[in-house]
Amino acid sequence: MNKNVRFQGEPTPDYYEPEIDYEEPVPDYDNYDDNDNMPLGATAAAAQDTGTLRQMSRSADTEHDLSAMENLNEASILRVLEERFSHDVIQTYIGDVLIVINPYKKLDLYGERYHEMYKFVNRRADLEPHIYWTVDHAYRRMVDSTANQVILISGESGAGKTESTKLVVKHLTHICQSTVSDLHDRIVKVNPLLEAFGNAQTVMNHNSSRFGKFVELVFNGNGQMKGACIYDYLLEKSRVVHLGPHERNFHVFYYMFAGMPAETLRYYYLEDPMAHRILKSEDNQKGVFFGEYDKERCAQMFHDMESIMEEVGFTKDDIATVYTCLAAVLFITNVEFQPEDDDIGVIIMDDYPVNIVADLLTIDISKLTTALLSRTCVVNDEDIVALKTLEQANDERDAIAKSLYSRLFGWIVRQVNTNLMDTSQGSLSGSNTIGILDLSGFENFSDNSFEQLCINVANEKLQYFFNTFIFATEQAIYAEEGIDWSQIEFRNNEDILRLFLGEEGVGQTRHKKMAFGRQPDMFTIIDDESKSPRATDASLVLNWNKNIGTHQHFRLLDGDELAFIISHFADEVLYNASNFLEKNRDRLGNNLMNVLQKSENDFIKDLFKAELTDTGVLSRTKSRIRSGSTRVQCGRSVRRRDRGSISTDTVRRLKTRGKRQLPSGAVQKAQTTVSQHFRTSLDELMKKMNNAQPLFVRCIKPNNHQEPDKWKDNLVQRQLQYSGVLQIAKIARLGYPVRMAFSNFYKR
Ligand SMILES: Nc1ncnc2c1ncn2[C@@H]1O[C@H](COP(=O)(O)OP(=O)(O)OP(=O)(O)O)[C@@H](O)[C@H]1O
């Protein structure tokens, strides 16, 4: 066995806090038997297979680089990886691809000594495989060739992508200089702030990223870092209003309740976290924290988050504005409606939360109530104000919360980015970059919805990029150069991408209108249905079945009109189409938007006036947002006894003015849908990746229980299979290790 490079007495690595020491009960994993995660149909046979293979390959020598193994097959690879894992050797190369098995425990692998060891590495083979080598290699390549680099970190939810991303950034800040003294520090420090707002506990991962992140580090011609930019994608904003079984909302809500002094909480009208619908779930009837330890940890995280906000330049007013928005999200989602006695329109059951929201956001209470109860539609070019149905009122109430939270998140990313640029260096365009991509990983829960579909399709796209780069492009080069080469078969997921995104999904230009005779794709069908006032989630599934029902990767589940199954590259996933259309429309009614845009608080006003980019984010818009410029004045004017009947009065007033009820499902003026933002986000990411030389890090989960020293053969085998590890090893062994353009070679 190769010697593992570790040093006695090295200080504990400081790269993250002991989250894995987290002792409070993690969610109930009963639904996640590892065998459930095997490719369907392969379960029994594979289990038997691996039993025999284990014996066969026990003696297999562990290797730095799988492609150098004498006995190269799936079973021997699995055994070598397991053997290494059992000795805490979690990193292994296959050619230039790095495999990292999540140890779920702290290993002394990332401290100062390692930074020094993996700086200007001459001969990779002299050292143990390490993510720091990948970073060093990318940096060298950038400096030598001035080509942009991208490190693509992939793996299932909980496999270790975010932790790996942090390690990449950390090592980069060690091996290069920066143009400003504390820039490195600032880049590393912002993570907990972004995680507070963008991460949440899921059944797969207690700190799961609920947004995609592309971290771009920018360098001048001398290889000095002069800034960084975080691009955020596809925040899972539906989490704000809906929690799956055993899941939590975004961390920041818990941090606030745990860490804010009682008096400050009261200032924002906050008292008991259990009083808020969006923090309650079926499995936390006793409280939102898992116990005292969890509460203390959240309190600590709150203080850390606040210090980071101050360090990155948030003023006291900015911070107060952030809490005000969060409190408004907590109260708007507490508003409950009930149908009117005559079944036309709805009334608000308790005015108290509406009053609070009006006060927090400094908006007119009666205008807010009117907008919550009625909406404006265009019928025959005429603006019609009509009363909402119960479903419409609930959806739009939730839309306020989602919009407020995601805009706030975008603003935070924007503030963070402002702090990560060395403005003295002029524009960042034209510089060299190293990008690190960390998207939410492949998900397969017991209940999968629209968010999982988007996340999984994004992962399909990443896999496609990986396949194209590692297999297709490489083999095409050999063919082009007339090199004798026998094709290596790999699992191609082109077909699945076409199913979701049409030709555009596999790199063809997007057509506004579907070409005649071309099969519509799933996302185009969702968009078409979302425009139709009469469409329902069930009609969406029927429409899919009509148009793509014969596709080998799509099928319906008998006996459930909303259930459908997709054979993804990684696994079969059962989806539930309930709420797909509403989630895709994600519309905030025009009159609610108008009310929010008239807030007397400049920040809120600007936040809602700001145009979103085509990818649906606020962080990169040029719109002016006055940061916390209006002092927040809440916490005084609304008391419980203010409960009144504003909504009853409003609905009566609307009725006497002869407003009518809209036909159910009436759709307002077309707005950009989530799937349109999703497509544009994928396009933008692919453009970034295509403009850079990629390096790949594949994170692997050894078990589904987030436990150290536990290896589940079936689970690992499945991940190795779909990521094509055996094929990568073959191609790396047969192919040329170095491919340099002649011009670059000549220059060197
Ligand atoms: N290199 C590592 N060493 C020790 N523990 C790790 C390492 N990488 C990950 N972990 C543990 O695994 C957990 C999950 O990792 P991480 O959040 O990076 O997963 P992820 O792939 O980004 O998941 P998601 O897609 O859900 O965001 C971490 O919180 C940490 O406890």
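The rules behind the values
Residues numbered from 1 in each chain as written. Predicted model: local features only at pLDDT ≥ 70, side-chain atom pairs only at ≥ 80, totals over all residues. UniProt positions renumbered as here; feature names shortened; annotations may be inferred. Domains from an automatic or database assignment. Contact = placed C-beta atoms within 7 Å. Nonpolar A, V, L, I, M, F, W, Y, C, P; charged D, E, K, R; others polar. Pairing = 2+ DSSP bridges. Helix = DSSP H or I, 4+ residues; strand = E, 2+ residues; numbered from the N terminus. Axes fitted to C-alpha atoms, helices over the stretch in contact; angles between N-to-C directions. Near = placed C-beta within 6 Å. Buried ≥ 20, exposed ≤ 12 C-beta atoms within 10 Å, placed from the backbone. Core = buried A, V, L, I, M, F, W, Y, C linked by C-beta atoms within 7 Å. Parallel < 35°, antiparallel > 145°, perpendicular 65-115°, else oblique. Left-handed = near helix turned anticlockwise from the far one by under 90°. Expected span 1.5 Å × (residues − 1).

- For the chain, the name recorded in an unreviewed UniProt entry is Myosin motor domain-containing protein, with Ridgeia piscesae as its organism.
- UniProt, in the comment section headed Sequence similarities (unreviewed entry), describes the chain in these words: "Belongs to the TRAFAC class myosin-kinesin ATPase superfamily. Myosin family."

A word on the domain arrangement of the chain
Part 1: In terms of domains, the chain is made up of domain 1 (1–168 + 694–748), domain 2 (338–392 + 585–674) and domain 3 (450–584 + 675–682).
Part 2: The interface of domain 2 with domain 3 comprises 13 residues on the first partner and 15 residues on the second.
Part 3: When grouped by side-chain class, the residues that make up the side of domain 2 that touches domain 3 number 5 nonpolar, 5 polar and 3 charged.

Quick look at the sheet that holds strand 12 (residues 432–438)
Part 1: Taking strand neighbours across the sheet as the criterion, the 7 strands line up as 1-2-17-3-12-6-7 in an open arrangement whose pairing is mixed. In the strand order of this sheet, the two ends are held by strand 1 (91–94) and strand 7 (225–233), each with one partner. Strand-to-strand twist across the sheet, computed as the mean angle between neighbouring axes with direction ignored, equals 20 degrees.
Part 2: Helix 5 (residues 161–175) contacts strand 2 (97–101), strand 3 (149–154), strand 6 (212–219), strand 12 and strand 17 (693–700) of the sheet and is inclined by roughly 160 degrees relative to strand 12.

A short note on the site of the ligand
Part 1: The environment of the ligand is formed by 24 residues, the closest being Gly160, Thr162, Glu163, Ser208 and Gly441.
Part 2: Elements represented by at least two residues in the shell around the ligand include exactly helix 5 and strand 5 (208–209).
Part 3: Counting residues per element, the shell around the ligand draws most heavily on helix 5, at 3 residues.
Part 4: For the shell around the ligand, the per-class residue count stands at 7 nonpolar, 12 polar and 5 charged.

Some points on the environment of Ser403
Part 1: Tracing the backbone through its elements, the reader meets Ser403 in helix 14 (residues 390–419).
Part 2: Ser403 gets classed as buried once you count the C-beta atoms within 10 Å, which come to 23.
Part 3: Through-space distance from the C-alpha of Ser403 to that of Thr162 is 25 Å; in sequence the pair is 241 residues apart.

Details of the environment of Ser647
Part 1: Inspection of the secondary structure assignment puts Ser647 in helix 22 (residues 646–656).
Part 2: Taking the number of C-beta atoms within 10 Å as the measure of exposure, Ser647 has 23 and is therefore buried.
Part 3: Remark: the alpha-carbon pair of Ser647 and Asp351, spanning 296 residues in sequence, is separated by 7.1 Å.

Points about the pairing of strand 15 (residues 572–576)
Part 1: Across 5 bridges, strand 14 (residues 563–567) lies against strand 15 in antiparallel orientation. Looking across to strand 15, one finds that Ser567 is bridged to Glu572.

Some words on the sheet that holds strand 15
Part 1: Read across the open sheet, the 3 strands follow the order 13-14-15; overall the sheet is antiparallel. This sheet does not close on itself; its edge strands, each paired only once, are strand 13 (554–556) and strand 15. On average, each strand axis in the sheet is inclined to that of its neighbour by 25 degrees, with strand direction left out of account.

Things to note about unusual backbone geometry
Part 1: The phi dihedral of Asp88 is positive, around 60 degrees, even though this residue is not glycine.
Part 2: Relative to the helices and strands, Asp88 is located in the loop between helix 2 (74–86) and strand 1.
Part 3: A tally of 16 C-beta atoms within 10 Å means that Asp88 is categorised as partly exposed.
Part 4: Positive phi, close to 55 degrees, is recorded for Phe120, a residue that is not glycine.

Overview of the nonpolar core
Part 1: Counting 189 residues, the largest nonpolar core has Ile151, Tyr255, Leu326, Ala327, Ala328, Val329 and Val357 as its most contacted members.
Part 2: Not counting chain neighbours up to four residues away, the residues in contact with Val357 comprise Ala328, Phe331, Ile332 and Leu368.

As for the packing of helix 11 (residues 316–332) against helix 14
Part 1: For the pair helix 11 and helix 14, the least separation of the axes is 9 Å and the interaxial angle reads 160 degrees. With respect to helix 14, the axis of helix 11 lies roughly antiparallel. Pair helix 11 / helix 14 crosses with left-handed handedness. Touching Val322, Cys325, Ala328, Val329 and Ile332 of helix 11 are Arg397, Ile400, Ala401, Leu404, Tyr405 and Leu408, all from helix 14.
Part 2: Class assignment of the residues belonging to the contact of helix 11 with helix 14 gives a composition of 10 nonpolar, no polar and 1 charged.

Regarding helix 16 (residues 494–501)
Part 1: By the criterion of burial, helix 16 is predominantly enclosed, with 6 of the 8 residues buried.
Part 2: If you follow the buried residues of helix 16, they end up packed against helix 15 (450–480), helix 17 (522–531), helix 18 (537–548), strand 13 and helix 23 (674–690).

Here's the deal with the UniProt feature "binding site: ATP" (unreviewed entry) in the chain
Part 1: Mapped onto this numbering, the UniProt entry gives "binding site: ATP" (unreviewed entry) at Gly155, Glu156, Ser157, Gly158, Ala159, Gly160, Lys161 and Thr162.
Part 2: Turning to its location among the elements, Ser157 is positioned in the loop between strand 3 and helix 5.
Part 3: Assessed through the 21 C-beta atoms surrounding it within 10 Å, Ser157 is described here as buried.
Part 4: Apart from residues no more than four positions distant in its own chain, Ser157 is found in contact with Thr202, Met204, Asn205, Ser208, Ser440, Gly441, Phe442 and Glu443.
Part 5: With respect to the helices, strands and loops of the structure, Lys161 is situated in helix 5.
Part 6: The exposure class of Lys161 is buried, given the 28 C-beta atoms found within 10 Å.
Part 7: Sequence-distant contacts of Lys161, defined by excluding residues within four places in its chain, comprise Ile153, Ser154, Gly155, Asp438, Gly441 and Cys699.

A look at the pairing of strand 7
Along any regular strand, the residues point their side chains to alternate faces of the sheet.
Part 1: By the criterion of burial, strand 7 is predominantly enclosed, with 7 of the 9 residues buried.
Part 2: As defined by bridge partners, strand 6 adjoins strand 7 across 8 bridges and the pair is classed as antiparallel. The residue bridging Phe219 from the neighbouring strand is Met225, located in strand 7.
Part 3: Here strand 6 folds back onto strand 7 in antiparallel fashion, the turn holding 5 residues, of which Gly223 has a positive phi close to 80 degrees.

Some points on helix 5
Part 1: With 15 residues, helix 5 should cover 21 Å at 1.5 Å per step; its first-to-last C-alpha distance of 21 Å lies within 8% of that length.
Part 2: Within helix 5, 12 of the 15 residues are buried, leaving the element largely enclosed by the surrounding structure.
Part 3: Of the positions making up helix 5, those classed as buried are Lys161, Thr162, Glu163, Ser164, Thr165, Leu167, Val168, Val169, Lys170, His171, Leu172 and Thr173.

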